[in-house]
Amino acid sequence: MNIRLRAASDDHALSVLWERSVRATHDFISEDDIQLLLPHVRDAYLPSLEVWLYENPDRSPAGFIATGGDNVEMLFIAADQRGQGIGRRLLDHVKSRHPTLSVDVNEQNPQAHGFYRYYGFVDVSRSETDGQGRPFPWVHMVLKQS
């Protein structure tokens, strides 16, 4: 398997992966929210962030991580490939490129929160709303320096 930088031609496949992953892990988000966010993810987030893909042998994406500076903005794994170490490998990859890392994780997504804690992130603060002001509290985390 290979980690490579995103190309614009990847955006459709990454959007599909994002949508399927959100449906599998974000049960607190409504269908309306997903449909509202999808074009924003595809047309604004993916092109504006540094995005790394983890490719399957057939070159389909198994997951991706997107950073804005030292902040992990998105980390999504194909729903049928979760639990195989792909998220850890993607975090290892961006950690090697950034001296510090932070992430905002939805409080209502305990699996993601637990994953980041297991990796070595610690909670530093909390917001009542997400970045768009919606009632999805965020836990702000930073990676402990080793």
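Residues numbered from 1 in each chain as written. Predicted model: local features only at pLDDT ≥ 70, side-chain atom pairs only at ≥ 80, totals over all residues. Heavy atoms only, no water.

Describing the packing of aromatic side chains
Here is step 1 of the chain: Taken as a whole, this structure holds five aromatic pairs when the rule is applied.
Here is step 2 of the chain: With 5.4 Å between their ring centres and 65° between their planes, Phe-115 and Tyr-116 make a pair best called edge-to-face.
Here is step 3 of the chain: A relative accessible area of 28% places Phe-115 in the partly exposed class.
Here is step 4 of the chain: Through pairs of rings, three or more aromatic residues link up here, namely Phe-115, Tyr-116, Tyr-119 and Phe-121. (Phe/Tyr/Trp six-rings, centres within 6.5 Å; stacked < 30°, edge-to-face > 60°. Buried < 20%, exposed > 50% of the residue type's maximum accessible area, 1.4 Å probe, protein only.)

Considering the side chain of His-140
Here is step 1 of the chain: Assignment of secondary structure puts His-140 in strand 7 (residues 138–143).
Here is step 2 of the chain: Under the relative-accessibility criterion, His-140 is labelled buried at 15%.
Here is step 3 of the chain: In terms of polar contacts, His-140 uses its side chain to reach the side chain of Ser-127, at 2.5 Å. (Helix = DSSP H or I, 4+ residues; strand = E, 2+ residues; numbered from the N terminus. Polar contact = N/O pair within 3.5 Å; in protein donor to acceptor, adjacent residues only side chain to side chain.)

Notes on a nonpolar patch on the surface
Here is step 1 of the chain: A cluster of nonpolar side chains, namely Val-122, Val-124 and Val-142, defines an oily patch on the protein surface of about 200 Å² accessible area.
Here is step 2 of the chain: In this fold, Val-142 is placed in strand 7.
Here is step 3 of the chain: You can call Val-142 partly exposed: its relative accessible area is 32%. (Patch = residues over 30% accessible without salt bridge, like charges linked within 9 Å, V, L, I, M, F, W, Y side chains within 5 Å. Areas by Shrake-Rupley, 256 points an atom, 1.4 Å probe, with all protein chains shown as cover. Salt bridge = Lys/Arg side-chain N within 4 Å of Asp/Glu carboxyl O.)

Focus: the environment of His-113
Here is step 1 of the chain: Relative to the elements of secondary structure, His-113 occurs in helix 4 (residues 110–119).
Here is step 2 of the chain: His-113 sits in the buried class, given a relative accessible area of 11%.
Here is step 3 of the chain: Sequence-wise, His-113 and His-26 are 87 residues apart; in three dimensions their C-alpha atoms are separated by 12 Å.
Here is step 4 of the chain: Beyond its immediate chain neighbours, meaning those up to four positions away, His-113 contacts Val-105, Asp-123, Val-139 and Met-141. (Contact = heavy atoms within 4.5 Å.)

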